[in-house]
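# Remarks on the overall topology
Next come the chains, spelled out residue by residue.
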Amino acid sequence: MNWLIGAVLFLILAPVAGGLIAGIDRKITARMQGRVGPPLLQPFYDVGKLFEKENVVVTTAQNFYVLAYLIFIALSGAIFFAGGDLLLVVFAFTLAHVFLVLGAYAVHSPYSHIGAERELIQVMAYEPMIILAAVGLYMVTGSFYVAGIAAATAPAIIYLPGVFLGLAVILTIKLRKSPFDISTSHHAHQEIVKGITTEFSGSTLGEVEVAHWYENVFLLGLVYLFFAWNPVIGIIAVAVTYVAEIFIDNVTARVRWQAALKSGWLAALLGIANLAILSYMMIGGA
């Protein structure tokens, strides 16, 4: 029954937490730039206004793809917080972004298509590292189930520092922050207009934003697993990691897609090296 409670709480509370995190992000970013910044609840106001606007679409297919994107993002987070199989979570998470790309390809805007192509490049960049993180957590805890990983007494971060650093690199990609905000950006400084979401408007764009809130909460939950043996340390680590991502976003310039792809694969190599060393230690210990 606990798994059902975890899933339901995520589906209900994650948009609230995600919106608050987005508001905190804006306030911290503004302070770093010497500005006052918008109100803490501004993300909720923005999304509320999007749902009030007329939903103008180029093709009705894009509505289906965006809805599927939202559903699978929420599903991946629900399985995660229900303590389910981490590999299934990764599968649902990847499938969600495939639907987002299809939604961008469904229209005939060159800006949207460029954004979709760059989103696919980002998937190629971060997907290996997410899988390696799941494998690494399994090697340390002996379980692919989130509940088993969270209940383990072994401090995963001690055994998986390289995997965690690699995850931090691709976390910058997934949070859509500089220097890897190449397909779309929350800060409206793209040379391709709004990238993958260029042709989304009204409630459709609102669904994309809510999906991002779900996604951010799930990603921070993944960070927490590396410190789950101590809940207090885990929460502090999640907060420090997110603030570090905001800092990186404000002090770096956007790179080209080639650099983003290479960075993701270099992060994967770091994770592979960590797992290789861990395997050697486990074999030697046996």
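Refer to the preceding data block for the structure.
Here's what I pulled together on the structure shown here.

Calculation rules
- Residues numbered from 1 in each chain as written.
- Predicted model: local features only at pLDDT ≥ 70, side-chain atom pairs only at ≥ 80, totals over all residues.
- Heavy atoms only, no water.
- Helix = DSSP H or I, 4+ residues; strand = E, 2+ residues; numbered from the N terminus.
- Rg over C-alpha atoms; globule rule 2.2 N^0.38 Å.
- 1 Å grid on protein atoms, 1.4 Å probe; cavity = no way out; pocket = protein on both sides within 12 Å on 5 of 7 lines; lining within 4 Å.
- Points joined across faces, edges and corners; volume = space filled by probe spheres on them.
- Nonpolar A, V, L, I, M, F, W, Y, C, P; charged D, E, K, R; others polar.
- Phe/Tyr/Trp six-rings, centres within 6.5 Å; stacked < 30°, edge-to-face > 60°.
- Buried < 20%, exposed > 50% of the residue type's maximum accessible area, 1.4 Å probe, protein only.
- Polar contact = N/O pair within 3.5 Å; in protein donor to acceptor, adjacent residues only side chain to side chain.
- Salt bridge = Lys/Arg side-chain N within 4 Å of Asp/Glu carboxyl O.
- Arc of directions from axis to C-beta.
- Contact = heavy atoms within 4.5 Å.

Moving on, we get to the overall build of the protein chain. Across its full length, the protein chain carries 11 helices and 0 strands. Of the regular secondary structure in the protein chain, the N- to C-terminal order runs α-α-α-α-α-α-α-α-α-α-α. The C-alpha radius of gyration computed for the protein chain amounts to 19 Å, which stays within 12% of the reference 19 Å derived for 286 residues, consistent with globular compactness. Taking the principal axes of the C-alpha coordinates as reference, the protein chain spans close to 65 × 45 × 40 Å.

By the definition in use, this model includes 1 cavity of 30 Å³ or more. Considered as a void within the structure, the largest cavity measures approximately 40 Å³ in volume. Taken together, Leu137, Thr141, Ile149, Ala152, Ala154, Pro155, Ala156, Leu225, Phe226, Phe227, Ala228 and Trp229 make up the full set of residues lining the largest cavity. Classifying every residue of the lining of the largest cavity by side-chain character gives 11 nonpolar, 1 polar and no charged.

Following the criterion strictly, the structure yields 14 aromatic pairs and no others. Arranged with centres 5.2 Å apart and planes meeting at 85°, the rings of Phe80 and Phe218 form a pair that is edge-to-face. Here Phe218 lies in helix H9 (residues 202-225) and Phe80 lies in helix H3 (residues 61-81), a separation of 138 residues in the sequence. The two residues Phe80 and Phe218 agree in class, both being buried. Considering the side-chain rings of Phe93 and Phe218, the 5.1 Å spacing of their centres and the 50° angle between planes classify their relative orientation as tilted. Note that Phe93 is positioned in helix H4 (residues 86-105) and Phe218 in helix H9, a separation of 125 residues in sequence. For Phe93, a relative accessible area of 1% gives the class buried. Relative accessible area serves as the criterion here: at 3%, Phe218 is assigned to the buried category. Every member of this aromatic cluster is reached through a ring pair, and the members are Phe10, Phe80, Phe81, Phe93, Tyr126, Tyr214 and Phe218.

Position of Arg176 relative to the elements: it lies in the loop between helix H8 (161-174) and H9. Of note is the side chain of Arg176, whose polar atom sits 3.0 Å from the side chain of Glu119.

This brings us to the pattern of salt bridges. The final tally for this structure, using the stated rule, is 4 salt bridges. Among the salt bridges present, the one from Arg26 reaches Asp46, with a minimum N-O distance of 3.0 Å. With Arg26 in helix H1 (residues 2-32) and Asp46 in helix H2 (residues 42-52), this residue pair connects regions lying 20 residues apart in the sequence. For Arg26, a relative accessible area of 30% corresponds to the partly exposed category. Among the residues examined, Asp46 registers a relative accessible area of 25% and is labelled partly exposed. For Arg176, the salt bridge goes to Glu119, with nearest N and O atoms at 3.0 Å. Of this pair, Arg176 sits in the loop between H8 and H9 while Glu119 sits in helix H5 (residues 110-141), and the two are 57 residues apart along the sequence. Grouping residues by exposure puts Arg176 and Glu119 together as buried.

Among the residues of H2, Gln42, Pro43, Val47 and Leu50 are the ones counted as buried. Down the axis of H2, the buried set is contained in an arc of 135°. They therefore lie on one face. Exposed and oriented more than 90 degrees from the buried face of H2 are Lys49 and Glu52. Buried residues along H2 sit in contact with H1 and H9.

Nothing here speaks to function; it is geometry throughout.
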